Amino acid sequence: MAQPTVLDYKSGILYHLKKIFPIENFPEKDIQKLLRISEVRRYRTGQVIIEQGKSDGVTYYLVNGQVRVEKDGSLLHVLRRTGDVFGEMSAIDGFQRTASVMALEDSVCVAINMRRLENLAEAESYAFKYMLYKKISVELSAKLRTTTTRLLQVTKELEDLKRKYKVR
């Protein structure tokens with residue numbers, strides 16, 4: 001049986017990237033640059049993808065499967081849609097991972113090394129940075145909206161309990 005070639009590997013990454021990003025209109029040379037900083041990673045059920053407290057500069061985009069995001073063992077979210085992004089906060093700010101991510105079923109992700117993206121010459125990376133950071137900003141906006149809503153609910157519950165038990 002023939003071994004996979006570099007071309008097979010790159011076409012596999014490209015296939016998955018096209019599911020997530022609108023890259024059809026990028027010039028071939030630009031797509032090659034994106035391929036250099038991306039890889040497809042497959043995870044088995046129960047396998048840890050990101051470990052809380054670690055740092056690696058990689059942002060993950062779910063292609064298929066389901067992953068569990070948790071902090072200190074508590075469930076934060078389950079991601080299951082193609083294009084769902086995780087690991088973006090520490091990849092952008094360089095701090096340690098604030099949560100762990102585990103595959104709930106066999107899953108495929110595109111992993112993009114944001115540090116390598118930053119090392120591309122500025123003129124070569126504007127389009128990719130725009131595309132990647134726009135997707136990340138949309139995801140972060142949704143997460144912030146959810147967190148704000150939950151914070152308001154918990155604050156109201158706390159105020160109600162304080163009134164009920166006459167605590168200041």
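Everything here concerns the structure above.
Here's a quick rundown of the structure. All residue numbers refer to position in the chain's written sequence, counted from 1. Totals for whole chains, interfaces and linings use all residues, but because this is a predicted model, local features are given only for residues with pLDDT of at least 70 and pairs of side-chain atoms are given and counted only at 80 or more. To get the side-chain values, all heavy atoms of the structure are used, and hydrogens and water are removed first.

Section: the nonpolar core
Under the convention used in this document: What makes a nonpolar core is a set of buried Ala, Val, Leu, Ile, Met, Phe, Trp, Tyr and Cys residues whose side-chain atoms join them at distances within 4.5 Å. The cut-offs for exposure are 20% and 50% of the maximum accessible area for each residue type, with area from a 1.4 Å probe on protein chains only; residues under the lower value are buried, those over the upper are exposed, and the others partly exposed. The helix and strand labels rest on DSSP assignments: H or I over at least four residues marks a helix, E over at least two residues marks a strand, and numbering proceeds from the N terminus. We call two residues in contact when some of their heavy atoms are within 4.5 Å.
Formed by 25 residues in total, the largest nonpolar core has its most connected members in L17, F21, Y61 and I112. If you list the elements that add at least two residues to this core, you get helix 1 (6–20), helix 2 (28–36), strand 3 (58–64), strand 8 (107–113), helix 4 (114–119) and helix 5 (122–164). At four residues, the largest contribution of residues to this core is made by helix 5. In this structure, F21 is in contact with Y61, I112, M131, L132 and K135, ignoring residues within four places of it in sequence. By size, the runner-up hydrophobic cluster in this structure holds 15 residues, among which are Y43, I49, L62 and F86.

Some thoughts on the sheet that holds strand 4 (residues 67–71)
The cut-off we apply is this: Note on pairing: DSSP must find at least two bridges between two strands before they are called paired. For helices, the fitted line uses only the C-alpha atoms of the stretch in contact; every axis is such a line through C-alpha atoms, and the angle between N-to-C directions lies from 0 to 180 degrees.
Ordered in space as 2-7-4-5, the four strands form an open sheet in which the pairing is antiparallel. At either end of the open sheet lies a strand with only one pairing partner, and these are strand 2 (48–50) and strand 5 (74–79). For this sheet, the mean angle separating the axes of adjacent strands, direction not counted, is 30°. Both strand 4 and strand 5 contribute to a ladder of five bridges, which runs antiparallel. Paired with V69 across the two strands is H77, which belongs to strand 5.

Let's talk about the packing of aromatic side chains
Note the following rule: For Phe, Tyr and Trp, rings pair up if their centres lie within 6.5 Å, where Trp contributes its six-membered ring, and each pair is then called stacked (planes under 30 degrees apart), edge-to-face (over 60) or tilted (otherwise).
With the rule as written, the count across this model stands at two aromatic pairs. On the numbers, 4.9 Å between centres and 75° between planes, the contact of F21 with Y61 is edge-to-face. Highlighted residues: F21 in the loop between helix 1 and helix 2 and Y61 in strand 3, separated in sequence by 40 residues. Aromatic side chains Y60 and F86 sit 5.2 Å apart centroid to centroid with 5° between the ring planes, which places their arrangement in the stacked category. In this pair, Y60 sits in strand 3 while F86 sits in strand 6 (residues 85–86), placing the two residues 26 residues apart along the sequence.

Concerning a nonpolar patch on the surface
Formally: Think of a patch as exposed residues, more than 30% relative accessible area, with no salt bridge, where like charges cluster within 9 Å and nonpolar side chains (Val, Leu, Ile, Met, Phe, Trp, Tyr) cluster within 5 Å. Accessible surface is estimated by sampling points in the Shrake-Rupley manner with a 1.4 Å probe; for residues, cover comes only from the protein chains shown. For this analysis, a salt bridge means a side-chain nitrogen from Lys or Arg found within 4 Å of a carboxyl oxygen belonging to Asp or Glu.
Together, L161, Y165 and V167 give the surface a local cluster of nonpolar side chains, amounting to about 320 Å² of exposed area. Structurally, V167 is set in the segment after helix 5. Residue V167 is classed as partly exposed on the basis of its relative accessible area of 48%.

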